[in-house]
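Here is how the chains run, residue by residue.
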Amino acid sequence: MGSGSPSDFRLGCQVVGADGSLAGTLVSVLVDAEGFDPKAIVVRDETTLAGRLMSDERYFINDEVVVPIESVESATGERVQLSMHTSDVRRQAPYISYRFKAMSAGQVLLQEAQAIGGGLGLPAATELANKPPGQVEIDRDENVMLGRTGRKLGHVHDVLFDHGEVVGVVIRPQGWFKQDVVLPIRFISRADDMALFADLRESDLSRLQPLR
């Protein structure tokens, strides 16, 4: 992590390269599933929405790239400043890619018929996320669940940091609260790419501090 010691990552804010150019917007933060140490951020480059086709693999690449957390120089509620130039950001590994599945002769004919009929005619593909098995993403609108009860506390709105460590998430309420509240990271018992799970009793919910 750079010398800026970001206090929070406002998901959806601008990401700016070292040359002062806009690199994209902050989509999510990649953290260790155990300990929640930040490892990278995912940046969406709005100028490459059409994607790219890599010649050496049958992958369709979308517009999101993975930027190592060490390249984050500082962060505020308005922007993330990188130590990396924007041109280098666009050379980083794509976050999501799609490997097209081999099709039978019958499936090829069906695809062609769909294309003639006005459909997209795209082959089936497997979505692949460019992150190690031990990492999970935290993104905006991700569900925050009350332990294993199946009850939803709300959705992730932002990720809070202190000296390069994830210290909490901001929950946008869904029924439980009247305003955004801060859930300290110590109460998150586990996480996957679909939800965060808070190890709390219902009686503890009133003690969560509102976001100031």
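Structural data are supplied above this passage.
This is a predicted model, so every value here is computed, not measured. (Residues numbered from 1 in each chain as written. Predicted model: local features only at pLDDT ≥ 70, side-chain atom pairs only at ≥ 80, totals over all residues. Heavy atoms only, no water.)

S.K.: Run through the overall build of the protein chain, naming residues and quoting values.
M.R.: Across its full length, the protein chain holds two helices and 19 strands. Counting only residues that meet the buried cut, the protein chain has 43% of its 212 residues in that class. Residue pairs in contact within the protein chain that sit at least 24 positions apart in sequence constitute 57% of those at least 6 positions apart. When the accessible area of the protein chain is evaluated, it comes to approximately 11,600 Å², of which 50% is carbon and sulfur surface. (Helix = DSSP H or I, 4+ residues; strand = E, 2+ residues; numbered from the N terminus. Buried < 20%, exposed > 50% of the residue type's maximum accessible area, 1.4 Å probe, protein only. Contact = heavy atoms within 4.5 Å. Areas by Shrake-Rupley, 256 points an atom, 1.4 Å probe, with all protein chains shown as cover.)

S.K.: Quick one: what's the story with the side chain of Asp180, residue by residue and with numbers?
M.R.: For Asp180, the location among the structural elements is in the loop between strand 15 (165–173) and strand 16 (181–184). At a separation of 2.8 Å, a polar atom in the side chain of Asp180 contacts the side chain of Arg172. Among all residues touching Asp180, those that are not within four sequence positions of it are His157, Val170, Ile171, Arg172, Pro173, Pro210 and Leu211. (Polar contact = N/O pair within 3.5 Å; in protein donor to acceptor, adjacent residues only side chain to side chain.)

S.K.: Tell me what's going on with the environment of Val43, and back it up with residues and numbers.
M.R.: Along the chain, Val43 turns up in strand 4 (residues 38–44). Val43 sits 24 residues away from Val67 along the chain, and the two C-alpha atoms are 7.1 Å apart. Once residues lying within four places of it in the same chain are set aside, the contact partners of Val43 are Val15, Ala23, Gly24, Thr25, Val27, Asp63, Glu64, Val65 and Val67.

S.K.: Report on the nonpolar core, specifying residues and quantitative values.
M.R.: By size, the foremost hydrophobic cluster in this structure holds 41 residues, and its most contacted members are Phe9, Ile41, Val80, Leu82 and Leu183. Leaving out residues up to four positions away in the same chain, Ile41 has contacts with Phe9, Leu26, Ser28, Val29, Val65, Val66, Val67, Ile69, Val72, Val80 and Leu82. Among the nonpolar cores identified, the runner-up in size contains seven residues, and Val27, Leu30, Val42 and Tyr95 belong to it. (Core = buried A, V, L, I, M, F, W, Y, C linked by side-chain atoms within 4.5 Å.)

S.K.: Lay out unusual backbone geometry with the relevant residues and their values.
M.R.: Even without being glycine, Phe36 reaches a positive phi, approximately 60°. One can find Phe36 in the loop between strand 3 (22–32) and strand 4.

S.K.: Give me the environment of Leu183: which residues, what numbers.
M.R.: In this structure, Leu183 sits in strand 16. Residues Leu183 and Gly168 lie 15 residues apart in sequence; the distance between their C-alpha atoms is 5.4 Å. In this structure Leu183 touches Val144, Val167, Gly168, Val169, Ile171, Ile188, Ala198, Leu200 and Leu208, once residues within four positions along its chain are discounted.

S.K.: Lay out the pattern of salt bridges with the relevant residues and their values.
M.R.: Side-chain pairs of opposite charge can arise where the charged atoms are in close proximity. In total, this model carries eleven salt bridges according to the counting rule given. The closest approach of N and O atoms between Arg90 and Asp45, which form a salt bridge, is 2.8 Å. With Arg90 in the loop between helix 1 (86–89) and strand 10 (96–100) and Asp45 in the loop between strand 4 and strand 5 (52–54), the pair connects residues that are 45 residues apart, well separated along the chain. Owing to a relative accessible area of 36%, Arg90 belongs among the partly exposed residues under this scheme. A residue is classified by how much of its surface remains accessible, and Asp45, at 7% relative accessible area, is buried. Taking the shortest distance from any N to any O, the salt bridge between Arg172 and Asp180 comes out at 2.8 Å. Of the residues examined, Arg172 reaches a relative accessible area of 40% and is grouped as partly exposed. Overlapping salt bridges, with partners in common, bring together Arg10, Arg140 and Asp158 in one network. (Salt bridge = Lys/Arg side-chain N within 4 Å of Asp/Glu carboxyl O.)

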